[in-house]
Amino acid sequence: MVIQRWQSLLLLVAAVMMGCYTFCSLAQVQTELFTLDFKSMGFSYEGEATAGGYTGTFLGTWYFFTLSLTTTLLFIVDIFLYGNPVTQRRICFVGILMLVATVATAGCLGYNAVVGMQQIEWSSVAYVAPFLAVVSAIFASNRIQSDLNKLRAADRIR
């Protein structure tokens, strides 16, 4: 009986999508004076500063970066827990909860940016990556449960 193929691939997809979510630009915030780039590490000024323009980080969000990176690493570690499917399924569930918390944090940060600024344009990474990550993590959890059922059925036969 061959098990553990599909959930490893699905967990890898979830980890890669969360890695993209962690390190790619999530949105652009436009104000009258400058444009901000929203990444998980914070809001930073976009472009090259000229004639005394703004440079550096406008607002650091290291807690958001830490949450997003931890979720990514959790899915990576979960791939290698195939020897203990019960623990693997629990870690997968915790990863899904942390993924939802990461997306909620990004939404709150974006909402607060819109309240103080004028306009925010979300990138496709902000929509697609968490959706693909949560769908693949849910499918991986289902595959892990399927493998647990197969192992339990094989144990009953013996």
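Residues numbered from 1 in each chain as written. Predicted model: local features only at pLDDT ≥ 70, side-chain atom pairs only at ≥ 80, totals over all residues. Heavy atoms only, no water.

S.K.: Go over the overall build of the chain with me, naming the residues and quoting the values.
M.R.: Counting its secondary structure elements, the chain contains four helices and five strands. Counting from the amino terminus, the chain carries its helices and strands in the arrangement α-β-β-β-β-α-α-β-α. In the chain, once contacts between residues fewer than 6 apart in sequence are set aside, the share between residues at least 24 apart is 66%. Roughly 9,100 Å² of accessible area belongs to the chain as shown, and the carbon and sulfur atoms make up 65% of that amount. (Helix = DSSP H or I, 4+ residues; strand = E, 2+ residues; numbered from the N terminus. Contact = heavy atoms within 4.5 Å. Areas by Shrake-Rupley, 256 points an atom, 1.4 Å probe, with all protein chains shown as cover.)

S.K.: Which residues make up the pairing of strand S1 (residues 27-30), and what values do they have?
M.R.: Across the two faces of S1 the burial differs, with Ala 27 and Val 29 buried and Gln 28 and Gln 30 not buried at all. Judged from the four bridges that link them, S1 and strand S2 (residues 35-39) form a sheet pairing that is antiparallel. Across the sheet, the residue bridging to Val 29 is Leu 36, located in S2. In this structure, the hairpin formed by S1 and S2 is closed by a connection of four residues. Two elements, S1 and strand S5 (residues 119-122), share four bridges in a ladder whose sense is antiparallel. Its bridge partner lying in S5, Ala 27 is registered against Trp 122. (Buried < 20%, exposed > 50% of the residue type's maximum accessible area, 1.4 Å probe, protein only. Pairing = 2+ DSSP bridges.)

S.K.: Got a sec to walk through the state of the cysteines? Specific residues and values, please.
M.R.: With the rule as written, the count across this model stands at zero disulfides. Take Cys 20: it sits in no disulfide, and the sulfur closest to it among the cysteines is that of Cys 24, at 4.9 Å. Among the residues examined, Cys 20 registers a relative accessible area of 29% and is labelled partly exposed. (Disulfide = S-S within 2.5 Å.)

S.K.: Explain the packing of aromatic side chains to me, using residue names and the numbers behind them.
M.R.: On inspection of all chains with the given rule, the structure shows three aromatic pairs. On the numbers, 5.9 Å between centres and 70° between planes, the contact of Phe 23 with Phe 65 is edge-to-face. A residue pair is termed long-range when its members are at least 10 positions apart, and Phe 23 in helix H1 (residues 6-23) and Phe 65 in helix H2 (residues 62-79) qualify at 42 residues. Classification of Phe 23 by relative accessible area gives partly exposed; the value is 48%. (Phe/Tyr/Trp six-rings, centres within 6.5 Å; stacked < 30°, edge-to-face > 60°.)

S.K.: How would you summarise H2 if you had to cite specific residues and measurements?
M.R.: For an α-helix, the turn length of 3.6 residues means that residues three or four places apart are oriented alike. Its 18 residues give H2 an end-to-end C-alpha distance of 26 Å, which sits within 8% of 26 Å, the value for a rise of 1.5 Å per residue. Restricting attention to buried positions, one finds in H2 the residues Phe 64, Phe 65, Ser 68, Thr 71, Thr 72, Leu 74, Phe 75, Asp 78 and Ile 79. (Expected span 1.5 Å × (residues − 1).)

S.K.: Got a sec to walk through the side chain of Ser 141? Specific residues and values, please.
M.R.: Along the chain, Ser 141 falls in helix H4 (residues 124-157). Setting aside residues up to four positions removed in sequence, Ser 141 forms contacts with Arg 89 and Cys 92.

S.K.: Outline H1, supporting the account with residue identities and numerical values.
M.R.: The end-to-end C-alpha distance of H1, which contains 18 residues, comes to 26 Å, matching closely the 26 Å that a straight helix rising 1.5 Å per residue would cover. Of all the residues in H1, the buried ones are Gln 7, Ser 8, Leu 10, Leu 11, Ala 14, Ala 15, Met 17, Met 18, Gly 19, Tyr 21 and Thr 22.

S.K.: Any details on the nonpolar core? Residues and values, ideally.
M.R.: Within soluble globular proteins, side chains that are nonpolar tend to cluster in buried spots. In this structure, Tyr 21, Phe 38, Phe 64 and Phe 75 are the most contacted members of the largest nonpolar core, which totals 29 residues. Among the elements of the structure, H1, S1, S2, H2, helix H3 (85-116) and H4 are those that each provide at least two residues to this core. Among the elements that make up this core, the one with the highest residue count is H1 (seven residues). (Core = buried A, V, L, I, M, F, W, Y, C linked by side-chain atoms within 4.5 Å.)

S.K.: Break down a nonpolar patch on the surface for me, citing the residues and quoting the values.
M.R.: On the surface, Trp 6, Leu 9, Leu 12, Val 13 and Val 16 cluster together into a nonpolar patch covering about 450 Å² of accessible area. Position of Trp 6 relative to the elements: it lies in helix H1. (Patch = residues over 30% accessible without salt bridge, like charges linked within 9 Å, V, L, I, M, F, W, Y side chains within 5 Å. Salt bridge = Lys/Arg side-chain N within 4 Å of Asp/Glu carboxyl O.)

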